[in-house]
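These are the residues of each chain, in order.
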Protein chains: 2
Amino acid sequence: MDYTRHHLPPPTRRLSTEGGPVIDRTIPLLPPALEIDEHNFFDNSDPPEYLEDLIKETEEFVKFHNGRRIALVTSGGTTVPLENQTVRFIDNFSAGTRGATSAEYFLENNYAVIFLHRQFSLQPYSRHYSHATNCFLDYMEEQDGKVVVGPKYQAEMISVLRKYQAAKDKNLLLLLPFTTIVQYLHTLRAVSEALQPAGCRALFYLAAAVSDFFVPPSRISEHKIQSKAGGNQLKMDLDPVPKFLTRLVDKWAPSAMIISFKLETDSTILLSKAHQALERYSHQLVIGNLLQTRKYEVVFVEPNSPEFWIRLSDRQAKDQVEVESLIIPAVIERHNAWIKKSDEMAKDS
Amino acid sequence: MDYTRHHLPPPTRRLSTEGGPVIDRTIPLLPPALEIDEHNFFDNSDPPEYLEDLIKETEEFVKFHNGRRIALVTSGGTTVPLENQTVRFIDNFSAGTRGATSAEYFLENNYAVIFLHRQFSLQPYSRHYSHATNCFLDYMEEQDGKVVVGPKYQAEMISVLRKYQAAKDKNLLLLLPFTTIVQYLHTLRAVSEALQPAGCRALFYLAAAVSDFFVPPSRISEHKIQSKAGGNQLKMDLDPVPKFLTRLVDKWAPSAMIISFKLETDSTILLSKAHQALERYSHQLVIGNLLQTRKYEVVFVEPNSPEFWIRLSDRQAKDQVEVESLIIPAVIERHNAWIKKSDEMAKDS
């Protein structure tokens, strides 16, 4: 398996005609308007064409790590295309920091990690360099006709590079990409099913910012929506994205521990929204966070337990400690308990 | 001037409370609903807080390059926030390839370049590495305890690094960022005015993908729009973004040569839309392109001239020649004529 390979999602593949016809006539005619819910979503949307490759890689990865714990970390925002030949789309704010950072701490704690991420969002290890204010070339110097990394970057980079190489050499990190909400949901289902052999050793850490609303395939515009001189309003009706967490908990990954995230901007509703999600989906943990303070504090909401806040101290905030370095150990503690309970139930039955 | 400094646009700055209050009460109450047009847009939207810094840097840059030609290249897509504390936004498809690539060819032709770009989109020179399928760390190896660039990347990277260093050493490239449509328009106006001393030596190469519709400040939602279980539709009414090209041509940059882009997905309307834009704004050149073939061909639409197609030959396409290497010389030819004409008119008057 080529560890560094990126699967280019369809937008890139489909739109580049490489000298082919100007208009892509291969896109099928659209079905009539239809209400999309969780029962018919997968029948009424096309899986990404590269999905079979991803499934195969995931199956091999799960087999390779037989007995080891595996975290599926989702990361970055899904997009909602407003046109079929996509010029415009609705996006969710997410650089992928939470997911990429968390993945590193899972790896440090001997988990294998499947990183299901928005293409070009931050990735474990390379995140330290890719969205930095420095551009790639600012790290480089010329010495005797060769490109070298500047001396002041050596110390940190050697440490990051070693961790990255170790993860690579041990085949501990599988990178799977998505761009649109439809790609994300198809891939999440397929990967969850491929993860079933890992049973309770699988941990779902759903940090991706998933769209709540989308334009169903039957209503999507084929071409770029036109604006008119003098201009009319653009009216858009978006449908709610079907909620799939119940399916994930009950059917796709019945033995795994499942953690979802709840991001809000209004502090007065954060806790109630987190509790609502927990009751609705009956999974193991909701991690609540506010957009404004997400790098400093989160709250764990879980069944039969008081709310548990994880906060950086002033000292830690000043020292730029990553809050994920506190979150992941607390998550692993709960995964320990989940595995213990699952193993005991298996023995009893 | 710190060449590599990125100005972080407000979304990042404003949302990070750095230990402050959870909800930002400093955002003022919003004015009543109001139709936004090109006459009141700037009065009814806040300029980015970092704008003064950008103006100062641009003024210094223009002064420094007194007598030299300056290209203002805009690049990447603008966003339309759907909420004030932005979780969701509408985005335009654009990695910034056209702008970043074109900027390099302007620099090779002795232009100074102001690169007004979407934050984190592709940049001149670093574009060869930043959105590559390789991650940053894949270029690196450890040798004797030091991080070095792998031998197989040396030849290309030294050539890119030298060009980048030369641009940097000669202060030929000014990087100015934007994220939202409002930031973009405020910055474009301010930078255009700061460019006036360059007169006809200034060239506007407006390759950014600018939103056609936006949510005016008076209707924007303060917090994350809530989805409901069982789910209602989300109805969004977007207003047309006022067209500013007339203002740019007449008031902000009356002596400069101005080039706009027209991107379509439907080949049957590309030419008519390009001609429409040219008639409407009375500027010098519209470069038309189709999303599907934009890397292989573009069409120049200009007053009193037949349409002029620039196309890669099959051989060039196979050799991965960049179409911008053909576009920029053709643009510069027209800029030569524009300067000659302007200088003659100045002599006559």
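Residues numbered from 1 in each chain as written. Chains lettered and ligands numbered in written order. Predicted model: local features only at pLDDT ≥ 70, side-chain atom pairs only at ≥ 80, totals over all residues. Heavy atoms only, no water.

Novice: How do you make sense of the overall build of chain A when you look at a structure like this?
Specialist: Within chain A one finds ten helices and 14 strands. Sequence-distant contacts, at least 24 apart, represent 75% of the contacts inside chain A between residues at least 6 apart. (Helix = DSSP H or I, 4+ residues; strand = E, 2+ residues; numbered from the N terminus. Contact = heavy atoms within 4.5 Å.)

Novice: Sorry if this is basic, but what is going on with the sheet that holds strand 1 (residues 70–75) of chain B here?
Specialist: By way of backbone hydrogen bonds, the strands of a sheet pair with one another, either parallel or antiparallel. Residues and elements named next belong to chain B. The mixed open sheet is built from eight strands, whose spatial order is 7-4-1-8-11-12-13-14. Two strands close off the open sheet at either side, each with one partner strand: strand 7 (173–178) and strand 14 (308–311). Along the sheet, successive strands turn relative to each other by an average axial angle of 20°, direction set aside. By the bridge criterion, six bridges tie strand 11 (residues 257–264) to strand 12 (residues 285–290) in an arrangement that is parallel. Bridged to Lys262 within strand 12 is Gly288. Of the strands in this sheet, strand 8 (202–206) and strand 11 touch helix 7 (residues 245–252), which is tilted by about 175° from strand 11. (Pairing = 2+ DSSP bridges. Axes fitted to C-alpha atoms, helices over the stretch in contact; angles between N-to-C directions.)

Novice: I'm lost on the nonpolar core in this one. Help?
Specialist: In a soluble, globular protein the nonpolar side chains are often hidden away together inside. Core analysis: the largest hydrophobic core is formed by 209 residues, its most contacted members being Phe106, Met140 and Tyr205 of chain A together with Phe106, Met140 and Tyr205 of chain B. With sequence-adjacent residues up to four places away left out, Phe106 of chain B is seen in contact with Ala71, Val73, Tyr111, Val113, Leu203, Tyr205, Ile328, Val331 and Ile332 of chain B. (Core = buried A, V, L, I, M, F, W, Y, C linked by side-chain atoms within 4.5 Å. Buried < 20%, exposed > 50% of the residue type's maximum accessible area, 1.4 Å probe, protein only.)

Novice: Just to check I follow, could you spell out the packing of aromatic side chains for this structure?
Specialist: Working definition: an aromatic ring pair is given by the centre-to-centre distance plus the angle between the planes. Under the criterion given, the structure shown has 33 aromatic pairs over all chains. Between Phe136 of chain A and Tyr129 of chain B, the ring centres sit 4.6 Å apart and the planes meet at 15°, which makes this aromatic pair stacked. Residue Phe136 of chain A is found in the loop between helix 4 (127–130) and strand 5 (140–143), and its partner Tyr129 of chain B is found in helix 4 (residues 127–130); the two belong to separate chains. Site record: aromatic cluster; members linked through ring pairs are Tyr129, Phe136, Tyr139 and Tyr153 of chain A together with Tyr129, Phe136, Tyr139 and Tyr153 of chain B. Sitting over the face of the ring of Phe42 of chain A, Arg189 of chain A holds its NZ or CZ atom 3.8 Å from the ring centroid. Geometry around Phe308 of chain A places Arg334 of chain A over its ring, the cationic atom sitting 5.0 Å from the centre. (Phe/Tyr/Trp six-rings, centres within 6.5 Å; stacked < 30°, edge-to-face > 60°. Lys NZ or Arg CZ within 6 Å of the ring centre and 35° of its normal.)

Novice: Teacher, can you tell me more about unusual backbone geometry here?
Specialist: Trans is the common state for peptide bonds, and a negative phi is the common state for residues other than glycine. All names here are of chain B. Backbone geometry at Phe120 places phi at a positive 75°, although glycine is not the residue there. Along the chain, the position of Phe120 falls in the loop between strand 4 (112–118) and helix 4. Look at Phe120 and you get partly exposed, because its relative accessible area is 41%. One non-glycine residue, Asn304, lies in the positive phi region at around 55°. Residue position: Asn304 is located in the loop between strand 13 (297–301) and strand 14. Since its relative accessible area comes to 82%, Asn304 is described here as exposed.

Novice: Help me understand the sheet that holds strand 13 (residues 297–301) of chain A, please; the structure alone is not making it clear to me.
Specialist: Residues and elements named next belong to chain A. Spatially, eight strands are ordered 7-4-1-8-11-12-13-14 in an open sheet, and the strand pairing comes out mixed. Single-partner strands in this sheet number two, and they are strand 7 (173–178) and strand 14 (308–311). Between one strand axis and the next, the sheet turns by 20° as a mean value, whatever way the strands run. Across six bridges, the pairing between strand 1 (residues 70–75) and strand 4 (residues 112–118) is parallel.

Novice: Sorry if this is basic, but what is going on with the pattern of salt bridges here?
Specialist: Any two side chains of opposite charge can pair, on the condition that their charged atoms come close. Under the definition given, this model contains 27 salt bridges over all chains. Between Arg315 of chain A and Asp319 of chain A there is a salt bridge whose closest N-O contact spans 3.0 Å. On the basis of relative accessible area, Arg315 of chain A is assigned to the exposed category, the value being 55%. In this structure, the salt-bridge partner of Glu108 of chain B is Lys163 of chain B, at a minimum N-O distance of 3.4 Å. Here Lys163 of chain B lies in helix 5 (residues 151–169) and Glu108 of chain B lies in helix 3 (residues 97–108), a separation of 55 residues in the sequence. A residue is classified by how much of its surface remains accessible, and Glu108 of chain B, at 43% relative accessible area, is partly exposed. Residue classification places Lys163 of chain B among the partly exposed positions, given a relative accessible area of 35%. Through salt bridges with shared partners, one network takes in Asp212 and Lys243 of chain A together with Glu83 and Arg88 of chain B. (Salt bridge = Lys/Arg side-chain N within 4 Å of Asp/Glu carboxyl O.)

Novice: Explain the pairing of strand 10 (residues 234–240) of chain A to me, please; I cannot follow it from the model alone.
Specialist: Side chains on a regular strand alternate between the two faces of the sheet. Note: strand 9 (residues 213–214) of chain A against strand 10 of chain A, two bridges, orientation antiparallel. Looking at strand 10 of chain A, one finds that Phe214 of chain A is bridged to Asp239 of chain A. Strand direction decides the pairing type here: strand 10 of chain A and strand 10 (residues 234–240) of chain B, joined by five bridges, are antiparallel. For Leu238 of chain A, the partnering residue across the bridge sits in strand 10 of chain B and is Leu234 of chain B.

Novice: Hey, could you run me through the packing of helix 2 (residues 51–64) of chain A against helix 6 (residues 181–194) of chain A in this one?
Specialist: Angle between the axes and distance between the axes are the two parameters that describe a pair of packed helices. Residue and element names in this part refer to chain A. Between helix 2 and helix 6, the shortest axis-to-axis distance is 9 Å and the interhelical angle comes to 30°. Considering the angle they form, helix 2 stands roughly parallel to helix 6. Between helix 2 and helix 6 lies a crossing of right-handed hand. Touching Leu51, Leu54, Ile55, Thr58, Glu59 and Val62 of helix 2 are His186, Thr187, Ala190, Val191 and Ala194, all from helix 6. Its residues placed into classes, the contact of helix 2 with helix 6 shows seven nonpolar, three polar and one charged. (Parallel < 35°, antiparallel > 145°, perpendicular 65-115°, else oblique. Left-handed = near helix turned anticlockwise from the far one by under 90°. Nonpolar A, V, L, I, M, F, W, Y, C, P; charged D, E, K, R; others polar.)

Novice: Quick question: what am I supposed to make of the environment of Ala194 of chain B here?
Specialist: Residues and elements named next belong to chain B. With respect to the helices and strands, the residue Ala194 is situated in helix 6 (residues 181–194). In this structure Ala194 comes out as buried when scored by relative accessible area, which is 8%. Along the primary structure Ala194 and Asp250 are separated by 56 residues, whereas in three dimensions their C-alpha atoms are 15 Å apart.

Novice: For this particular structure, what's the right way to read helix 7 of chain B?
Specialist: Three- or four-residue spacings in an α-helix give side chains the same orientation, since the helix completes a turn every 3.6 residues. All names here are of chain B. Of the residues making up helix 7, those classed as buried are Leu245, Leu248, Val249 and Trp252. Looking down the long axis of helix 7, one finds its buried residues gathered within 130° of arc, a one-sided arrangement. Exposed side chains of helix 7 directed beyond 90 degrees from the buried face belong to Asp250 and Lys251. (Arc of directions from axis to C-beta.)

Novice: Quick question: what am I supposed to make of the confidence of the model for chain A here?
Specialist: Detailed reading of predicted coordinates is not advised where the pLDDT is low. Residues and elements named next belong to chain A. Residues with a pLDDT of 70 or more make up 86% of chain A, whose mean pLDDT is 86. Scored below 50 in pLDDT, residues 1–32 makes 73 contacts in the model with residues more than four places away or belonging to other chains. Reported for the predicted complex are a pTM of 0.84 and an ipTM of 0.79. (pLDDT = per-residue confidence, 0-100.)

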